[in-house]
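Architecture at a glance
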Amino acid sequence: MSVTTPHRTLHSIAVAAPAEVVYGIVADVTKWPQYFAPNVHVEHLEREEGSERIRIWAFANGAVKNWISRRTLDPAGLRVDFRQEVSAPPVAAMGGTWVVSPVDENSSLLELHHDFAAVDDDPAGVEWITAAVDRNSAAELGNIKELAERHGELADLVFSFDDTVEMAADGADVFDFLNRADLWPERLPHVARLDLTEDEPGVQVMAMDTSARDGSTHTTESVRVVFGPDRIVYKQTTVPGLMTAHTGCWTIWPVEGGVAVTSRHTVTLKPSAVEPILGAGKTVADAREYVHRALSTNSTNTLKLAKAHAEALRD
């Protein structure tokens, strides 16, 4: 592998929000999968004041890639520098900087600088990387703009909740039930169809049709990152109409006599869809209750069926 020519790009956007608000969104990388469409999952590998080392799973030109980056955070300078330590081909090297510049008290300019090189300086690789950087940068900047300009509403629009079931079962059997999502149409009554591919071990791409209590059917597409034997995280890449984002995690841990399993959901609501879907006069609070109930019902039913399956294997 040889690296010869550096390439540089700059993307920017004007944001009608204070610079500190914009910087806060850029700095909190743990929320990126919730906020940014291309990002699937972020895992902290190291973390200390002013710097962090992370692993990111994200879409690049339609494919899920993952890499390790180190980020340096400068809240006083409203700047975040990043550099990939381990890149995924055709990327040989990648780094850059987020820079937030105040325009006035209530507006700012956000710039995203990239520098990169392709494996063996291959022109096709350069073209592929440039297209991915352009697409993802535009999406991320647009998302940050929307979030920052609506930052006062985020506390109502973004929420999380857990469902936990204890099982007198072996964790490996529970994990197998959750991991083998390709078998869910046979095992879960609310799953009408599920197509799953796993081109890279531990990264599952799935499309699923689920039936709601009111008889309607919802089609979702998700990416799951499997950290077996005790954790599977996921992001829905196609979500029902009331949401703009939905991420989640299945976690298994030992308890006396067996294991406890938690399904955690984090949802971002789409306020413009509330009345068209739920009816005139319905509010974001109504949407929170509706979505919470629907997701909790499905995840709890899945956990109960996993419990029955795994406990039967132990018996």
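We now turn to the structure provided with this report.

Parameters and conventions
- All residue numbers refer to positions counted from 1 along the written sequence of the respective chain.
- With pLDDT at 70 or above as the cut-off, local features in this predicted model cover only qualifying residues; side-chain atom pairs require 80 or more to be listed or tallied, and sums for whole chains, interfaces and linings still use all residues.
- To get the side-chain values, take all heavy atoms of the structure and skip hydrogens and water.
- Strands here mean DSSP runs of E at least two residues long; helices mean DSSP runs of H or I at least four residues long; both are numbered from the N terminus.
- Here the globule rule reads 2.2 Å times residues to the power 0.38, and the radius of gyration is calculated from C-alpha atoms.
- In what follows, residue pairs with any heavy atoms lying within 4.5 Å of each other are defined as contacts.
- Surface exposure here means Shrake-Rupley accessible area, sampled with a 1.4 Å probe, where a residue is shielded only by the protein chains that are shown.
- For this count, His and the chain ends are skipped, Lys and Arg are scored as positive, and Asp and Glu as negative.
- Note on charges: their place is set at NZ of Lys, CZ of Arg, CG of Asp or CD of Glu.
- In this analysis the probe radius is 1.4 Å and the grid spacing 1 Å, with only protein atoms considered; a cavity is a set of points the probe fits into but cannot get out of, a pocket is an open set with protein on both sides within 12 Å along at least five of seven lines, and lining residues have an atom within 4 Å of a point.
- Grid points are joined across faces, edges and corners, and a volume is the space filled by probe spheres set on the points.
- The classification used treats Ala, Val, Leu, Ile, Met, Phe, Trp, Tyr, Cys and Pro as nonpolar, Asp, Glu, Lys and Arg as charged, and all other residues, Gly among them, as polar.
- Pairing of aromatic side chains requires ring centres within 6.5 Å, counting the rings of Phe and Tyr and the six-membered ring of Trp. Pairs whose planes differ by under 30 degrees are stacked, by over 60 edge-to-face, and all others tilted.
- Partly exposed residues are those whose accessible area sits between 20% and 50% of the maximum for their type, while under 20% is buried and over 50% is exposed, using a 1.4 Å probe and protein chains only.
- Buried residues of nine kinds, namely Ala, Val, Leu, Ile, Met, Phe, Trp, Tyr and Cys, make up a nonpolar core once their side-chain atoms join them within 4.5 Å.

It is worth spelling out the overall build of the protein chain at this point. Along the protein chain, the regular secondary structure elements total eight helices and 14 strands. Relative to a compact globule of 315 residues, whose C-alpha radius of gyration would be 20 Å, the protein chain shows 21 Å and is just as compact. Long-range contacts, defined as pairs at least 24 residues apart, comprise 53% of the intrachain contacts of the protein chain with a sequence gap of at least 6. Carbon and sulfur atoms make up 51% of the accessible area of the protein chain, which amounts to about 14,800 Å² in all. Each charge class in the protein chain can be summarised by its mean position, and for the 28 positive and 46 negative side chains these summaries are 2 Å apart.

Over the atoms rolls a probe the size of a water molecule, and its path tells where empty space is left. Considering only enclosed or pocket space, the largest pocket measures out at about 710 Å³ in volume. As for the largest pocket, its lining consists of 34 residues, of which Thr210, Gln236, Ala294, Leu295 and Asn298 are closest to the centre. Those elements giving two or more residues to the lining of the largest pocket turn out to be strand S10 (203–211), strand S11 (217–226), strand S12 (231–238), strand S13 (243–255), strand S14 (258–269) and helix H8 (284–314). Across the lining of the largest pocket, the residue classes tally to 16 nonpolar, 14 polar and four charged. Of the volumes computed, that of the second largest pocket is approximately 440 Å³. By residue number, the principal contributor to the lining of the second largest pocket is S12, which donates four residues. Each residue belonging to the lining of the second largest pocket can be placed in one class, and the counts come to 12 nonpolar, seven polar and four charged.

Here the distance between the centres and the angle between the planes together describe a pair of aromatic rings. Overall, the coordinates contain five aromatic pairs when judged by the stated rule. Aromatic side chains tryptophan 32 and phenylalanine 36 sit 5.1 Å apart centroid to centroid with 55 degrees between the ring planes, which places their arrangement in the tilted category. Residue classification places tryptophan 32 among the buried residues on the basis of a relative accessible area of 6%. Arranged with centres 6.4 Å apart and planes meeting at 75 degrees, the rings of tryptophan 184 and tryptophan 250 form a pair that is edge-to-face. Taken as a pair, tryptophan 184 in helix H6 (residues 184–187) and tryptophan 250 in strand S13 lie far apart in primary sequence, 66 residues in all. There is no split in this pair, since tryptophan 184 and tryptophan 250 are both buried. Among the aromatic residues, those joined into a ring-pair cluster are Trp32, Phe36 and Trp98.

Further remarks concern the nonpolar core. Residues Val22, Trp98, Leu110 and Ile144 are the most contacted members of the largest nonpolar core, which totals 30 residues. When contributions to this core are tallied by element, the ones reaching two or more residues are strand S1 (7–15), helix H1 (19–27), helix H2 (32–35), strand S3 (51–60), strand S5 (79–86), strand S6 (91–104), strand S7 (107–118) and helix H3 (123–149). Counting residues per element, this core draws most heavily on H1, which supplies six residues. If near-sequence neighbours (up to four positions away) are discounted, leucine 110 is found in contact with His11, Ser12, Ile13, Val15, Val22, Val26, Trp98, Val99, Val100, Leu141 and Ile144. One finds Met167, Leu194, Ile232 and Ile252 within the second-largest nonpolar core, a separate group that totals 24 residues.

Glancing now at empty space enclosed by the protein. Scanning the model with the defined rule gives one cavity of 30 Å³ or more in all. In this structure, the largest cavity encloses a volume near 450 Å³. Taken together, 26 residues make up the lining of the largest cavity; nearest its centre are Trp67, Gln84, Met94, His114 and Asn136. Of all the secondary structure elements, the ones that give two or more residues to the lining of the largest cavity are S3, strand S4 (63–74), S5, S6, S7 and H3. When residues of the lining of the largest cavity are assigned to their parent elements, the largest contribution, seven residues, is made by H3. Class assignment of the residues belonging to the lining of the largest cavity gives a composition of 16 nonpolar, seven polar and three charged.

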